[in-house]
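# Structural features, examined
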Amino acid sequence: MFQSRGCGVAIITPFTNNEVDFKSLTSLVNHVIVGGVDFIVVLGTTGEAALLNAYESEKVLNHVLTVVDGRVPIVVGNLGGNNTNALIQRIEQMDLSAFDAIMSSSPSYVKPTQEGIYRHYMKMADVSPLPVIIYNVPGRTASNIEVDTIVRLADNHPRFMAIKEASGDVNFGLKLLKEKPDHLEVLSGDDPTTMSLCMMGASGGISVIANAFPYAFSEMIKAARSNKYAIAKSLNEQMMDIHPLLYREGNPAGIKSLLYQMGLSSKETRLPLIEASTELDQVLLETVQHSGILEVSPGVKEL
């Protein structure tokens, strides 16, 4: 049975001429698996899921499933929405039998109460054939899932296996780790704070930078979870200056810029997102070259 621990990667969706680039997607999947990630999240925020149609989403899921070929678990990351009834219908119509879990963000735009968030997730969990990873990302949804609500969900439905905590608020994460039931795993959804949360008891993280440096981020999580502070700190510091650049012009523009310079993907995004500027390309290149991260990234060519 899938356990949501270690390093998950929120994998990008590569494009060429506004079409999904399946050749690059194949290369990237193999890159992160060889690099040591523990599971892959397909069609999450970083995967530009909101900008794919239903046909494209199905093709991406099936392609990743074929390329992975059972080597690591796969989480379906695009099963959220602000219309509870529509989300339920979508889950009921999908064939999810080959996947390991689904990840679902809290309702966006409508700004529900905590009771509304609770009922939304409970309705969704009732029809889900797979374990559910709750996704708390208030920077995108405009509503935070409070710790009491998370605990209430975990206590009242067996489908909830984990929460991806992406508020970036370490104090919130620490409170969640203190209050949560034992069976609920906590995954950091914010790369810069992943080490800190893992050292305090989080089970791992779902990462953006792991698209480029899967080995370094995976090893950092392993070290943090096993109290190897010096190793975790060293790896974390090598990535610290890179993290903010990946979001300077929006996600996934930053990580796609980096992957382009690594020869793994084009820079292309879909409107209304735009690709990274040449200025960001240059700053990223220089920062990576001076960070030391390439020296601890086997299989990654020099930039």
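A few points on the structure.

Take the overall build of the chain next. Scanning the chain from terminus to terminus reveals 13 helices and ten strands. By the compact-globule yardstick of 19 Å for 303 residues, the chain fits well, its C-alpha radius of gyration being 18 Å. Considering only C-alpha atoms, the chain reaches an extent of 50 × 45 × 35 Å along its principal axes. The burial tally for the chain puts 55% of its 303 residues in the buried class. Partitioning the intrachain contacts of the chain with sequence separation of at least 6 by distance along the chain shows that 71% fall at a separation of at least 24.

Let us now look at the pattern of salt bridges. With the rule as written, the count across this model stands at ten salt bridges. Here Lys222 and Glu219 are joined by a salt bridge, their closest N and O atoms 3.3 Å apart. Taken together, the residues span about one helical turn, with Lys222 and Glu219 both in helix H9 (residues 214–225) at a distance of three residues. Residue Lys222 is classed as partly exposed on the basis of its relative accessible area, which comes to 44%. Taking the shortest distance from any N to any O, the salt bridge between Lys267 and Glu275 comes out at 4.0 Å. The class of Glu275 is partly exposed, set by a relative accessible area of 42%. When salt bridges that share partners are traced, they join Glu115, Arg119 and Arg152 into one network.

To continue, consider the nonpolar core. Residues Val29, Ile40, Ile102, Phe213 and Leu258 are the most contacted members of the largest nonpolar core, which totals 87 residues. Among the nonpolar cores identified, the runner-up in size contains 15 residues, and Val41, Ala101, Tyr135 and Ala162 belong to it.

Glancing now at helix H13 (residues 278–291). For an α-helix, 3.6 residues make a turn, and residues three or four places apart therefore share a direction. Taking 1.5 Å as the rise per residue, H13 with 14 residues should run 20 Å; its terminal C-alpha atoms sit 20 Å apart, in good agreement. Residues of H13 that are buried: Leu280, Asp281, Leu284, Leu285, Thr287, Val288 and Ser291. Just downstream of H13 lies Gly292, where phi reads positive at about 90°.

Parameters and conventions
- Residues numbered from 1 in each chain as written.
- Predicted model: local features only at pLDDT ≥ 70, side-chain atom pairs only at ≥ 80, totals over all residues.
- Heavy atoms only, no water.
- Helix = DSSP H or I, 4+ residues; strand = E, 2+ residues; numbered from the N terminus.
- Rg over C-alpha atoms; globule rule 2.2 N^0.38 Å.
- Buried < 20%, exposed > 50% of the residue type's maximum accessible area, 1.4 Å probe, protein only.
- Contact = heavy atoms within 4.5 Å.
- Salt bridge = Lys/Arg side-chain N within 4 Å of Asp/Glu carboxyl O.
- Core = buried A, V, L, I, M, F, W, Y, C linked by side-chain atoms within 4.5 Å.
- Expected span 1.5 Å × (residues − 1).

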